[in-house]
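Single-letter residue listing:
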Amino acid sequence: MSFFSKFFGAGRFERAPGRDFRPEDLPDTRVKLFFDALGVRWSAMVGQNLFYLLFWLPSVIWSGVNLLTLVQMLADAPAGADMGARVYSLAFTYLLILWPLIAITGPATAGMSYVSRNWARGQHSFMVSDFWEHARKNWKQALCVSTITGALPVLLLFLWRFYGALAESMSGLFIIPEVIVLIAALLWLLMLQVVYTMMVTYKLTLRQLLGNAMRLALGRLPLFLGVRLLTAALPLAMLIVFLYFPGQATFLLTVGGFFYMVFGLALNRLLYASLANALCETYINPGIGAPVNIGMRSQTPPPGEEDFE
């Protein structure tokens, strides 16, 4: 086998099953399964990332325009000027228009989640045809989820400012609904890590889908928080540098932007799919007779269907 075949993972698919491949070669932990999938699929993930990015281009362009506007606004502000109201107005308008731009990405996220789910299991998936098939099958639920996701930032900004003003002018007790709003937004962000994978795996109503995702997020809260912090580390670093070290912002924004443009979105989806696979195969599949430990050494025989009631 050539060096390039090994490098791109082709050997995983060219081995003769009876002679070269043994069950003992399968990964025996979830971490090994994730890195095994990453090692085999990383080159295909670049194409997957670029394809998925097309659906996020309106959001990216709109965000870039507003970022440049903010920079120019702050640069032109007189020394000592109170820019709070102007920044809030810009942020509110930005998030309000961003809402539908995020909403339209839902079906695409469902399609990508199906492909990532199969890759995270060590299974084959056609990147384009499977993407479109499951984007079409799940577009209603996906659109509902992405619409809520798009509305969340603008609602959070408005309610946080609203309750904050009441807490300052009337009673400190209004801090309580302010905190509740923040907790609800955080919980939704955690649920998003498994919602789309569950959507393309099980036949659930929207209520059942969100209920199961919420129970998983609350039941395994430290794990969900850890994965969310891992995927948010680079964006948070970019934000901190932009706010407090503007001299280095251009370099980090360029590097970070290139990473997400080429690979980062697909990497996050593979990580979320691995998390969802592990939790669903532990807490849901045994109760409905579906296979568990898919792609691992201790895999149970899969039934004939991939999607379950």
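Residues numbered from 1 in each chain as written. Predicted model: local features only at pLDDT ≥ 70, side-chain atom pairs only at ≥ 80, totals over all residues. Heavy atoms only, no water.

Chemist: Please give an account of the overall build of the protein that cites residues and values.
Modeler: Broken down by element type, the protein carries 12 helices and zero strands. When the 309 residues of the protein are sorted by exposure, 40% land in the buried category. Accessible surface, the protein: about 17100 Å² in total, of which carbon and sulfur atoms supply 71%. (Helix = DSSP H or I, 4+ residues; strand = E, 2+ residues; numbered from the N terminus. Buried < 20%, exposed > 50% of the residue type's maximum accessible area, 1.4 Å probe, protein only. Areas by Shrake-Rupley, 256 points an atom, 1.4 Å probe, with all protein chains shown as cover.)

Chemist: Describe the pattern of salt bridges, listing the residues and the values that go with them.
Modeler: Tallying each qualifying case throughout the model produces four salt bridges. For Arg297, the salt bridge is made with Asp28, and the minimal N-O distance between the two is 3.9 Å. Highlighted residues: Arg297 in the segment after α12 (285–288) and Asp28 in the loop between α2 (11–14) and α3 (30–76), separated in sequence by 269 residues. The partly exposed category is assigned to Arg297, whose relative accessible area is 42%. Classification of Asp28 as partly exposed rests on a relative accessible area of 36%. The shortest N-O distance in the salt bridge between Glu281 and Arg30 comes to 2.8 Å. Of the two residues, Glu281 sits in helix α11 (residues 246–283) while Arg30 sits in helix α3, which places them 251 residues apart along the sequence. Among the residues examined, Arg30 registers a relative accessible area of 25% and is labelled partly exposed. (Salt bridge = Lys/Arg side-chain N within 4 Å of Asp/Glu carboxyl O.)

Chemist: How would you summarise the confidence of the model for the protein if you had to cite specific residues and measurements?
Modeler: On average, residues of the protein carry a pLDDT of 86, and 89% of them reach 70 or more. Segment residues 1–19: pLDDT under 50, and 17 contacts once partners within four positions in sequence are set aside and those in other chains are kept. Within the model, pLDDT remains below 50 along residues 304–309, and this stretch shows 16 contacts once partners closer than five positions in the same chain are excluded. (pLDDT = per-residue confidence, 0-100. Contact = heavy atoms within 4.5 Å.)

Chemist: I'd like a rundown of the side chain of Asp130, residues and numbers included.
Modeler: With respect to the secondary-structure elements, Asp130 resides in helix α6 (residues 129–137). Buried and unpaired, Asp130 has no salt bridge, with Arg117 as the nearest side chain of opposite charge at 8.2 Å. In terms of polar contacts, Asp130 uses its side chain to reach the side chain of Ser125, at 2.8 Å. Polar side-chain contacts of Asp130 include one of 2.8 Å to the backbone nitrogen of Phe126. When residues no more than four places from it in sequence are discounted, the contact partners of Asp130 are Tyr114, Val115 and Ser125. (Lys, Arg positive; Asp, Glu negative; His and termini not counted. Polar contact = N/O pair within 3.5 Å; in protein donor to acceptor, adjacent residues only side chain to side chain.)

Chemist: Break down the packing of helix α5 (residues 106–120) against helix α8 (residues 175–201) for me, with residues and values.
Modeler: What describes two packed helices is the angle between their axes and the distance between those same axes. With their axes 8 Å apart at the nearest point, α5 and α8 run at an angle of 75° to one another. Considered as vectors, α5 and α8 are oriented roughly perpendicular to each other. Contacts between α5 and α8 pair Gly106, Thr109, Ala110, Ser113, Tyr114 and Arg117 from the former with Tyr196, Thr197, Met199, Val200 and Thr201 from the latter. (Axes fitted to C-alpha atoms, helices over the stretch in contact; angles between N-to-C directions. Parallel < 35°, antiparallel > 145°, perpendicular 65-115°, else oblique.)

Chemist: A description of unusual backbone geometry should follow, citing residues and the corresponding values.
Modeler: With a phi angle near 55°, Asn293 is a residue other than glycine that sits in the positive phi range. Structurally, Asn293 can be placed in the segment after α12. On the accessibility criterion, Asn293 (23% relative accessible area) is partly exposed.

Chemist: Could you give me a rundown of α8, with the residues and numbers involved?
Modeler: Given a rise of 1.5 Å per residue, 27 residues ought to cover 39 Å, and the 40 Å separating the end C-alpha atoms of α8 matches this to within 8%. The axis of α8 is deflected most strongly, by about 40°, at Leu192. (Expected span 1.5 Å × (residues − 1). Bend = angle between axes of the 7 residues up to and from the residue.)

Chemist: Lay out the environment of Met214 in plain terms, naming residues and giving numbers.
Modeler: With respect to the helices and strands, Met214 occurs in helix α9 (residues 206–219). Relative accessible area serves as the criterion here: at 34%, Met214 is assigned to the partly exposed category. For Met214 and Leu190, which are 24 residues apart along the polypeptide, the C-alpha to C-alpha distance reads 8.3 Å. Excluding its chain neighbours within four sequence positions, the residues that come into contact with Met214 are Leu187 and Met191.

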